[in-house]
Amino acid sequence: MEKDLGKALEYMRQVARSNREADIRDQLFDLLLEIDDPDLYQEMVDSVYRLAMNKSPNPQARYGLA
């Protein structure tokens, strides 16, 4: 079965809106990174910004990538 990154992004956005846990935000970031669309870069940064500023290690690393 082929990956449908657009569908995955739709679902992940819904989950991320209702759940602010670090692992969900990290997964959203990783998906946006895999899609690699410059129009989504700000969303990528926003997805981990708060967690990175709270010194969470995984989000800090992802924020550094963004």
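Residues numbered from 1 in each chain as written. Predicted model: local features only at pLDDT ≥ 70, side-chain atom pairs only at ≥ 80, totals over all residues. Heavy atoms only, no water.

1. Here we look at the environment of Arg-62
Topologically, Arg-62 is positioned in helix α4 (residues 57–65). Placed 18 residues apart in sequence, Arg-62 and Met-44 show a C-alpha to C-alpha distance of 9.0 Å. What Arg-62 contacts, discounting residues up to four positions off in sequence, is Asp-26, Phe-29, Asp-30 and Val-48. (Helix = DSSP H or I, 4+ residues; strand = E, 2+ residues; numbered from the N terminus. Contact = heavy atoms within 4.5 Å.)

2. Quick look at the environment of Gln-27
Mapped onto the elements of the fold, Gln-27 is located in helix α2 (residues 22–35). C-alpha separation for the pair Gln-27 and Met-12, spaced 15 residues apart in sequence, amounts to 8.0 Å.

3. A closer look at α2
When the terminal C-alpha atoms of α2 are compared, their 20 Å separation across 14 residues agrees well with the 20 Å that a helix rising 1.5 Å per residue should span. Buried within α2 are the following residues: Ile-24, Arg-25, Asp-26, Leu-28, Phe-29, Leu-31 and Leu-32. Just downstream of α2 lies Asp-36, where phi reads positive at about 55 degrees. (Expected span 1.5 Å × (residues − 1). Buried < 20%, exposed > 50% of the residue type's maximum accessible area, 1.4 Å probe, protein only.)

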